[in-house]
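# Structure at a glance
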Amino acid sequence: MHAPTQPFHHLVLNRAERQQQVVQALQGVLPAHALLHTPEQTTPYECDGLTAYRERPLCVTLPDNEDQVQAVLRVCHALNVPVVARGAGTGLSGGAMPHALGVTLSLAKFNRMISIDPLAQTAVVQAGVRNLAISEAAAPHGLYYAPDPSSQIACTIGGNVAENSGGVHCLKYGLTLHNILQVRGYTVEGDPITFGGTALDSPGLDLLAVVIGSEGMLAVVTEVVVKLVPKPQLARCIMASFDDVRKAGDAVAAVVAAGIIPAGLEMMDKPMTAAVEDFVKAGYDLGAAAILLCESDGTPEEVEEEISRMSDVLRRCGATAIAVSRDEAERLRFWSGRKNAFPASGRISPDYMCMDSTIPRKRLADILLAIAAMEEKYRLRCANVFHAGDGNLHPLILFDANDPDQLHRCELFGADILETSVAMGGTVTGEHGVGVEKLNSMCVQFSADENEQMFALKRAFDPKELLNPGKVIPTLHRCAEYGKMLVRGGQIKHPDLPRF
């Protein structure tokens, strides 16, 4: 099943003729090994981590250097051809799904660590460098890169910039946005552009925060300057069990309300702990309704005090069991389950759709109970793992994509979670982006005027709307059609949500 996309408004030939035209033009600027265009060559690029929606591009380019990136963009701009930039393809919202009449621009070969400055605590890396590789390269200097998505062994820094990725330690150390100094790349016309800078402030408008999280809609990123932080002397992790999800949710809010900002504060429900325990044997309490992982890092004295304070709070909130990691190996074992939540889910279901919304911390239990009711409504299972400290949800809806009815119910289930998150004071996305997955839900979150403001920003960078078109920002027509569908299906539940 292909995700519905916005119509491409330029006059185009039929696909075969268009492909021949584009490939011929790109053959003039790329070596043969850097251009893929047969079905066998392009099929591996037809989706990212959101495998339910697929599309083959006209061709895939794998430039070796920035001159070739620039040349590809100039050719595509001259021919009015859409361009979709791609990193490792680990995204979960369809942001890197190709355009049927476009070119996929892979940055896979941009995998060089350019420099590390231990005094300035920065690293200059190409966009295709893996997230974890930055920390591995910085380790000899006693430094590391803090944002750590669960896919950090594979995901690239360019993709992290596109989605403003987080990770289990984002509560204390921030998202990608808070750990990037400068982004360099090219506009849709192939002109070089730099956002931010290595100084305390940069001249002109502050556009760094605009490009981070823009999902490849404003520019193609080729190089990034990241902040590095000193590795803490010690880190210890608490694993706390609760016999009730409301007690666990309330404990999250209580820890932060006590003035404690843990290095990580994660939550998993019973179905998720069962899945990951069977996979990695992390030592989780399978009888618990929910478990929390609460980490402290810093000096040994700081860690000892914070662990003691957090343990007291967790006990007062009704924790039935508390275990504190005794050494680094046990700490990593505690985290191994959380880090492997997604592959563990893949072992118990043919497919899963990982949602990504945010809610106020105090509503964690409310959303879990609402999702439990949705499981009955849509007749599908759902395992939940949360960046609980900042209210970022990752419900994994389990289904079989080979069954069209299950896929349809999964889509409705996901939309219901996102709509309910908005009704609880949250947002439709936290760190996975909108892509194609959440286009309809953007109609619930934002008004037509707000969507038009986002389009205006995109047009300022990309007047022809060639970079990753048909994603992220819904059109007025799309929102109107989605509203009609909700009314016909009786799906609108919350009186404070917009009517269409």
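Residues numbered from 1 in each chain as written. Predicted model: local features only at pLDDT ≥ 70, side-chain atom pairs only at ≥ 80, totals over all residues. Heavy atoms only, no water.

### Things to note about the sheet that holds strand 9 (residues 192-196)
Taking strand neighbours across the sheet as the criterion, the five strands line up as 5-6-10-8-9 in an open arrangement whose pairing is antiparallel. The two strands at the open ends of the sheet, each matched to only one other strand, are strand 5 (113-117) and strand 9. Neighbour-to-neighbour, the strand axes of the sheet open up by a mean angle of 15°, direction not taken into account. When strand 8 (residues 180-186) meets strand 10 (residues 220-227), the two strands line up antiparallel, connected through six bridges. Its bridge partner being in strand 10, G185 is matched across the sheet by V221. Running over the sheet, helix 4 (residues 131-138) touches strand 5, strand 6 (122-126) and strand 10 and is turned about 45° from strand 5. (Pairing = 2+ DSSP bridges. Helix = DSSP H or I, 4+ residues; strand = E, 2+ residues; numbered from the N terminus. Axes fitted to C-alpha atoms, helices over the stretch in contact; angles between N-to-C directions. Contact = heavy atoms within 4.5 Å.)

### Notes on the pairing of strand 19 (residues 392-399)
Most of strand 19 sits inside the fold, with eight of its eight residues counted as buried. Residues N392, H394, L396 and L398 of strand 19 are buried on one face, and the alternating residues L393, P395, I397 and F399, pointing to the opposite face, are buried as well. As judged from the two bridges shared by strand 17 (residues 357-358) and strand 19, these two strands associate in the antiparallel manner. Note on strand 19: the bridge partner recorded for S357 is L393. Where strand 18 (residues 381-387) lies against strand 19, seven bridges are found, and the strand directions are antiparallel. Counterpart to F386 in the pairing with strand 19 is L393. The antiparallel pairing of strand 18 with strand 19 creates a hairpin that spans four residues between the two strands, and G391 there sits at a positive phi of about 70°. (Buried < 20%, exposed > 50% of the residue type's maximum accessible area, 1.4 Å probe, protein only.)

### Some thoughts on the confidence of the model for the protein chain
In this model, the protein chain carries a mean pLDDT of 93, and residues with pLDDT of at least 70 account for 94%. Within the model, pLDDT remains below 50 along residues 1-11, and this stretch shows 28 contacts once partners closer than five positions in the same chain are excluded. The model gives residues 492-500 a pLDDT under 50, and that stretch makes 22 contacts with residues more than four places away or in other chains. (pLDDT = per-residue confidence, 0-100.)

### Regarding the pairing of strand 14 (residues 290-298)
Within strand 14, nine of the nine residues are buried, which leaves the element mostly enclosed by the surrounding structure. The alternating pattern of strand 14 places A290, L292, C294, S296 and G298 on one face and I291, L293, E295 and D297 on the opposite face, and all of these are buried. Bridge count for strand 12 (residues 234-242) against strand 14 is nine bridges, and the pairing is antiparallel. Looking at strand 14, one finds that C237 is bridged to E295. Sheet analysis places strand 13 (residues 264-269) next to strand 14, joined by six bridges and oriented antiparallel. Note that in strand 14 the partner of M267 across the bridge is L292.

### Section: the packing of aromatic side chains
All chains considered together, the criterion is met by four aromatic pairs. Seen from their ring centres, F195 and F461 are 6.2 Å apart, and the 35° between their planes marks the pair as tilted. Of the two residues, F195 sits in strand 9 while F461 sits in helix 16 (residues 448-461), which places them 266 residues apart along the sequence. You'll find F195 and F461 in the same group, each marked buried. (Phe/Tyr/Trp six-rings, centres within 6.5 Å; stacked < 30°, edge-to-face > 60°.)

### Things to note about the side chain of N451
Considering the arrangement of structural elements, one finds N451 in helix 16. With relative accessibility at 3%, the residue N451 sits in the buried group. Among all residues touching N451, those that are not within four sequence positions of it are M442, F446, I473, P474 and C479.

### Let's talk about the side chain of D297
Its location among the elements puts D297 in strand 14. At 2.5 Å, the side chain of D297 forms a polar contact with the side chain of K172. For D297, the side chain forms a polar contact with the side chain of Y173, separated by 2.8 Å. Setting aside its immediate chain neighbours within four residues, D297 contacts Y144, K172, Y173, P232, L234, A235, A263, V303 and E306. (Polar contact = N/O pair within 3.5 Å; in protein donor to acceptor, adjacent residues only side chain to side chain.)

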